[in-house]
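# Notes for the structure review
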Amino acid sequence: MDKNEDNSVKAARGSSSVERGMLTSLLGYHLRRAQIIVFQHFTETMGAVDITPGQFGVLTVIDKNPGLSQTQLGSALGIDRSTVVAVIDKLESRGLVARMTAPGDRRSHALRLSDAGTRLLRRLEELVRVHERHIARNLSAEDQARLIELLDRIARDEE
């Protein structure tokens, strides 16, 4: 290893002596590595609750927007219609979400959390706070805000 090697290259290589070539300079590579770690820790933190990050997002948006349609939900979260339907089907089968006929449009569903869904979401919010503290433990508040801002900028470019 070159004594003058950039610290970011050393960090990207990790404890392995395997050269990763251009991967160490690719934003997508680092985003994916971080995503894997974040998802693994999320799953560990949730334990037996059996909830995915996507399902947590769905429950959160429905909670803050009772009565929204599946189309609005998909738009808000950037997920396609078939994925929304599958996620809602799963959450509905667990008794966490209720689909009701939308007022004024019998073809559309208005989504609401059930009482069990609301109770579970409150519990999940506490677990997610613990998870967030863990994944951000090496970042200052300013670092966190800046990272969120930069990631939002990338995501907005794709909308």
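Everything numeric in this text was worked out from a predicted model, so none of it was measured.

For the chain, the count of helices and strands is 7 helices and 3 strands. Overall, the chain shows an N-to-C arrangement of helices and strands of α-α-α-β-α-α-β-β-α-α. Nonlocal contacts in the chain, meaning residues at least 24 apart in sequence, comprise 46% of its contacts between residues at least 6 apart. Accessible surface, the chain as shown: approximately 10,900 Å² in total, 53% of it carbon and sulfur.

Taken as a whole, helix 4 (residues 70-77) has its buried residues at Gln70, Leu73 and Gly74. Take helix 4 and look down its axis: the buried residues cluster within an arc of 95 degrees, on one side only. In helix 4, the exposed positions that point more than 90 degrees away from the buried face belong to Thr71, Ser75 and Ala76. Gly78 occupies a position one or two residues after helix 4 and carries a positive phi of about 70 degrees.

Analysis parameters
Residues numbered from 1 in each chain as written. Predicted model: local features only at pLDDT ≥ 70, side-chain atom pairs only at ≥ 80, totals over all residues. Heavy atoms only, no water. Helix = DSSP H or I, 4+ residues; strand = E, 2+ residues; numbered from the N terminus. Contact = heavy atoms within 4.5 Å. Areas by Shrake-Rupley, 256 points an atom, 1.4 Å probe, with all protein chains shown as cover. Buried < 20%, exposed > 50% of the residue type's maximum accessible area, 1.4 Å probe, protein only. Arc of directions from axis to C-beta.

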